[in-house]
Amino acid sequence: MSTRILVVEDNPANLELMTYLLHSFGYVALTAQDGLAGLELARTDAPDLIVCDVQLPGLDGFGVARELKLDPTLRTVPLVAVTAYAMVGDRDRMLAAGFDGYISKPIAPDRFVPELESFLPRSGDAHLGSHPFLRSRGLQRRVQ
Amino acid sequence: MLYSTVAEEVPAVGDVQDVSSLGGAGNEQARLLEQTKIAESKFRGLLESAPDATVIVNHAGRIELVNRQTELLFGYSRDELIGAPIEVLLPDRFRGFHAGHRTRYQSEPRTRPMGVGLELYGLRKDCSEFPVEISLSPMQAEGGMLVTSAIRDISERKRFEQRLQEKNEELENAIRAKDRFLASMSHELRTPLNAIIGFTGTLLMQLPGPLTREQDHQLHTIQTSARHLLSLINDLLDLARIESGKVELNLESVEAQDVLTELASTLCPLAEDKGLEFVVLTPAHPISVMTDRRALSQILLNLAGNAIKFTNTGGVTVRVSRRRRNGHVSTAFDVVDTGVGIHPEDQQKLFQAFSQIRTTPDREQEGTGLGLHLSERLAHLIGGAIACRSGPGKGSTFTLTLQT
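Residues numbered from 1 in each chain as written. Chains lettered and ligands numbered in written order. Predicted model: local features only at pLDDT ≥ 70, side-chain atom pairs only at ≥ 80, totals over all residues.

### A word on the overall build of chain A
Counting its secondary structure elements, chain A contains six helices and five strands. If you list the helices and strands of chain A from N to C, you get β-α-β-α-β-α-β-α-β-α-α. A burial count over chain A gives 37% of its 144 residues as buried. Relative to all contacts within chain A whose residues are 6 or more apart in sequence, the contacts with residues 24 or more apart total 58%. (Helix = DSSP H or I, 4+ residues; strand = E, 2+ residues; numbered from the N terminus. Buried ≥ 20, exposed ≤ 12 C-beta atoms within 10 Å, placed from the backbone. Contact = placed C-beta atoms within 7 Å.)

In structure tokens, the structure reads:
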């Protein structure tokens with residue numbers, strides 16, 4: 001079964017960017033556009049990793065982190081903040097709030113997925129290898 | 001001691017003793033009386049010219065004497081006050097305590113301010129109140145101890161304090177608003193840049209499909225411009241943080257070698273892309289400096305990045321050395337390039353914001369125009385300075401000197 005990554009992001013363009021990159025690297029992306037929907041999906045679909053924006057309508061990323069880390073089954077799922085809060089101290093603020101990782105926007109598209117992969121437990125060949133350009137060529141063949 | 005004789009020169013002050021009680025009219029006595037009168041008159045003049053209301057109270061708490069200021073301040077005439085209990089000048093709520101304090105003062109008389117740390121108020125004849133500051137001093141007289149109170153109206157000062165406090169609050173609010181504005185501006189600008197830089201990247205990675213050479217070239221232009229915009233945002237935010245004193249310095253012992261090695265690993269690829277040599281010279285003995293590592297790295301990254309940017313042939317050398325002058329030891333980081341150099345008249349503008357010097361008319365402006373300005377501000381923050389030696393066609397040497 002492919003590794004499934006939940007992406008919680010309200011900005012449509014940025015959601016599209018992240019899901020596109022994840023698909024390109026051979027992952028299944030689950031998406032939610034606000035914190036509550038993200039939590040709901042995390043509970044019903046048990047993703048392998050959660051990527052979460054911080055400024056979200058309704059329940060924000062801090063709230064999502066708090067809820068996830070209180071949940072005995074979800075607390076072990078790696079949770080990575082991908083946020084445009086990129087000023088001094090923001091990283092520490094996110095990590096203190098319960099996020100396991102922090103990636104600031106704008107993301108580097110060629111490094112984004114490998115960075116996320118470093119939070120995944122090593123699980124053999126659940127997905128394609130870790131060479132984006134090999135994979136991208138594979139994808140191109142499929143596209144063509 | 002107050003005598004009715006002085007009352008002819010100045011308005012009456014009440015409770016007086018009979019001059020005749022001093023005894024017969026011998027020459028000696030007349031002289032003494034004369035001297036006393038002079039002393040009295042001096043004392044009276046002093047009292048009347050004092051800026052504070054002065055009230056003299058006897059052991060029973062009744063007013064013996066007041067000056068002109070007292071009349072002006074409280075709105076009573078002297079006649080009304082003389083003989084009245086001092087408490088008439090106090091708001092009702094203080095009167096009870098005051099009698100007790102008065103008794104205690106008499107058992108321990110000394111010159112001191114009254115009610116330290118308390119807000120004291122006076123009460124005018126028209127029942128209005130005003131804030132006061134009072135100092136007390138005991139005075140031995142025939143018939144018991146008198147207490148002199150100098151009473152100062154501090155309404156004006158209170159108003160200033162109040163206004164100052166309000167201004168301070170406004171200022172703090174403004175600073176908080178500015179910080180919030182900066183944080184949200186940073187967030188809002190990054191959000192669309194994420195999609196621009198991100199999708200340009202996916203196209204350049206050829207994830208959606210192969211690119212023609214033109215497409216590749218144009219996408220690289222978008223990427224460069226977007227990154228330029230991002231560094232502008234970062235530089236502006238850094239500058240705003242420095243301006244608002246928000247930069248937290250973390251002074252630690254930093255190995256110069258480590259910083260230079262890190263610098264080389266970041267900049268070597270850039271130099272190689274332009275066919276330049278990038279050399280880092282470290283001394284045989286390790287040099288460590290007490291400084292903020294992040295600020296030091298940022299300054300050197302900026303200076304060396306500029307050197308690469310403005311050099312087309314040759315290379316860039318970064319070296320560190322200890323210097324001794326008049327017993328002071330300093331650490332100097334030199335960034336030496338073989339680039340286009342800078343005209344002397346341009347060198348003065350170097351460190352101003354947005355004063356990027358155009359080297360050749362057709363040259364693309366690559367920097368933000370904030371780099372050197374920011375570096376200089378950072379250098380000042382860590383107690384250092386940046387100097388430049390250059391001439392057109394002769395390359396440039398930028399030196400960061402740290403007093404350590």
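### Some remarks on the sheet that holds strand E12 (residues 384-390) of chain B
Residue and element names in this part refer to chain B. Read across the sheet, five strands follow the order E8-E10-E11-E13-E12 without closing on themselves; strand pairing throughout is mixed. The outermost strands of the open sheet, each flanked by one partner alone, are strand E8 (277-281) and E12. Averaged over all adjacent pairs, the angle separating strand axes in this sheet is 20°, with direction ignored. Note that E8 and strand E10 (residues 315-325) share five bridges and pair parallel. Note on E10: the bridge partner recorded for Phe278 is Val316. Docked against the sheet, helix H10 (residues 371-381) engages E12 and strand E13 (396-402), running at close to 140° with respect to E12. (Pairing = 2+ DSSP bridges. Axes fitted to C-alpha atoms, helices over the stretch in contact; angles between N-to-C directions.)

### A look at the sheet that holds strand E3 (residues 49-52) of chain A
Residues and elements named next belong to chain A. Spatially, five strands are ordered E2-E1-E3-E4-E5 in an open sheet, and the strand pairing comes out parallel. The outermost strands of the open sheet, each flanked by one partner alone, are strand E2 (28-32) and strand E5 (101-104). Strand after strand, the sheet turns through a mean of 20° between neighbouring axes, direction not considered. Looking at chain direction, strand E1 (residues 4-8) and E2 are connected through five bridges and run parallel.

### Regarding the interface of chain A and chain B
Contacts between the two partners involve 22 residues from chain A, matched on the other side by 19 residues from chain B. For the side of chain A that touches chain B, the secondary-structure elements that each account for two or more residues are helix H1 (12-24), helix H5 (109-117) and helix H6 (132-143) of chain A. With six residues, H1 of chain A is the single largest residue contributor to the side of chain A that touches chain B. Looking at the side of chain A that touches chain B residue by residue, the class counts come to 14 nonpolar, six polar and two charged. (Nonpolar A, V, L, I, M, F, W, Y, C, P; charged D, E, K, R; others polar.)

### Re the nonpolar core
Nonpolar side chains tend toward joint burial in soluble globular proteins. With 37 residues, the main nonpolar core has Leu6, Val8, Ile50, Val51 and Val80 of chain A as its most contacted residues. Elements that contribute at least two residues to this core include exactly E1, H1, helix H2 (35-45), E3, helix H3 (61-70), strand E4 (79-83) and H5 of chain A. Dropping the residues within four chain positions of it, Val51 of chain A is found in contact with Ile5, Leu6, Val7, Val8, Met18, Val80, Val82 and Leu116 of chain A. Of all hydrophobic cores here, the second largest spans 35 residues; its members include Val259, Leu378, Ala379 and Phe398 of chain B. (Core = buried A, V, L, I, M, F, W, Y, C linked by C-beta atoms within 7 Å.)

### Digging into the packing of helix H8 (residues 293-309) of chain B against H10 of chain B
Residues and elements named next belong to chain B. At their nearest, the axes of H8 and H10 sit 9 Å apart, and the two run at 150° to each other. One element, H8, and the other, H10, form an angle in the roughly antiparallel class. Between H8 and H10 lies a crossing of left-handed hand. Contacts between H8 and H10 involve Ala295, Gln298, Ile299, Asn302, Leu303 and Asn306 on the former and, on the latter, Gly371, Leu374, Ser375, Leu378, Ala379 and Leu381. Of the residues belonging to the contact of H8 with H10, the class tally is seven nonpolar, five polar and no charged. (Parallel < 35°, antiparallel > 145°, perpendicular 65-115°, else oblique. Left-handed = near helix turned anticlockwise from the far one by under 90°.)

### Brief notes about the packing of H1 of chain A against helix H5 (residues 155-204) of chain B
As a packed pair, H1 of chain A and H5 of chain B sit with axes 9 Å apart at the nearest point and diverge in direction by 30°. In this view, H1 of chain A runs roughly parallel relative to H5 of chain B, as classed from their interaxial angle. Handedness of the H1 of chain A/H5 of chain B crossing: left-handed. Packed against H1 of chain A, whose contacting residues are Ala13, Asn14, Leu17, Tyr20 and Leu21 of chain A, the element H5 of chain B presents Thr191, Asn194, Ala195, Gly198, Phe199 and Thr202 of chain B at the interface.

### A look at the pairing of E4 of chain A
Regular strands have side chains that alternate between both faces of the sheet. All names here are of chain A. Counting buried residues in E4 gives five out of five residues, a clear majority hidden from the surface. Burial along E4 is two-sided: Leu79, Ala81 and Thr83 and Val80 and Val82, pointing in opposite directions, are all buried. Examined bridge by bridge, E3 and E4 share three bridges and lie parallel to one another. Paired with Ile50 across the strands is Leu79, a residue of E4. One crossover worth recording links E3 to the parallel E4 by way of H3, and it is right-handed. As paired strands, E4 and E5 are joined by four bridges and run parallel to one another. Paired with Val80 across the two strands is Gly101, which belongs to E5. Assessed by its sense of winding, the connection that carries the chain from E4 through helix H4 (residues 90-96) to E5 is right-handed. (Right-handed = clockwise from strand over helix to strand, strands pointing away.)

### So, H2 of chain A
Residue and element names in this part refer to chain A. Residues of H2 that are buried include every one of Gly35, Gly38, Leu39 and Ala42, and no others. Buried residues along H2 cover an arc of 100° about the axis, so they all sit on one side. Opposite its buried face, H2 presents the exposed residues Glu40, Thr44 and Asp45, each directed more than 90 degrees away. After H2 finishes, the residue Ala46 shows a positive phi value of roughly 40°. (Arc of directions from axis to C-beta.)

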